[in-house]
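Per-entry structural report
Residues per chain are reported as follows:
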Amino acid sequence: MKAVIVCVSVSHGNTRRIADALGEVLGARVVGPDELDPADLASCDLVGFGSGIFTMNFHPRLRELIRTLPAQSGTKAFVYATSGMPETPLRRYTRSLATLLTDRGFTVVDTFTCRGLDTWLPMRIVGGVSKGHPDAADLHAARTFAEGLRARITAGS
């Protein structure tokens, strides 16, 4: 199985730690948006897209990359994120990124989220929220998620 994981991790390295855990299991390269060669996507069995969550949305560099990718023909993708607070029913950020990917022709097969230290301005006053995350349990959950993805993708080949 050929996989690549696109990661934007800018504040504390939270999202990169999750991307690395996913990549270990999937045998995937972890790259930033500027390192991705869009021509390589056609040969991938699976592509992951993720970032930390900023003001209830994925990082602008990740969203812009997706908007500029050539149309895909059902390339399988997954979405992952770290955030200080849980996703709310009023603002489903994973759904919005999955929709953006679907609009570009990807088939989104699953999503993964976990807590990550958040020191965005209001949270900084108290030293941040979700301190200590991602922790060992979060990394284990990411690996388990990736194992499930790998099993589904290879079974469908």
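Structure first, text after, so check above.
Throughout what follows, the structure given in this document is the object of discussion. (Residues numbered from 1 in each chain as written. Predicted model: local features only at pLDDT ≥ 70, side-chain atom pairs only at ≥ 80, totals over all residues. Heavy atoms only, no water.)

What to know about the packing of helix H1 (residues 14-26) against helix H5 (residues 136-155)
Definition in use: A fitted line through C-alpha atoms serves as each axis, taken over the contacting stretch for helices, and the angle formed by two N-to-C directions is quoted from 0 to 180°. Helix and strand assignments follow DSSP, with helices taken as H or I runs no shorter than four residues and strands as E runs no shorter than two, numbered in order from the N terminus. To sort the angles, those under 35 degrees are grouped as roughly parallel, those over 145 as roughly antiparallel, those from 65 to 115 as roughly perpendicular, and the leftovers as oblique. We call a crossing left-handed when the near helix sits turned anticlockwise from the far one by less than a right angle, and right-handed when that turn is clockwise. Any two residues whose heavy atoms approach within 4.5 Å at even a single point are treated as in contact. Classes in brief: Ala, Val, Leu, Ile, Met, Phe, Trp, Tyr, Cys and Pro nonpolar; Asp, Glu, Lys and Arg charged; the others, Gly included, polar.
Between H1 and H5, the least distance of the axes is 8 Å, while the angle of their chain directions is 40 degrees. Between H1 and H5, the crossing angle belongs to the class labelled oblique. Relative to H5, the crossing made by H1 is right-handed. Along the contact surface, H1 presents Arg-17, Ile-18, Ala-21, Leu-22, Glu-24, Val-25 and Leu-26, while H5 presents Asp-138, Leu-139, Ala-142, Arg-143, Phe-145, Ala-146, Glu-147, Leu-149 and Arg-150. Classifying every residue of the contact of H1 with H5 by side-chain character gives 10 nonpolar, no polar and six charged.

Description of the packing of helix H2 (residues 60-68) against helix H3 (residues 93-103)
Interaxial distance between H2 and H3 falls to 9 Å at its minimum, and their mutual angle equals 20 degrees. Judged by the inter-axis angle, H2 sits roughly parallel to H3. Here H2 runs over H3; the crossing is left-handed. On H3, the residues that touch Leu-62, Arg-63, Ile-66 and Arg-67 of H2 are Leu-97, Leu-100 and Leu-101. In terms of residue class, the contact of H2 with H3 is made up of five nonpolar, no polar and two charged.

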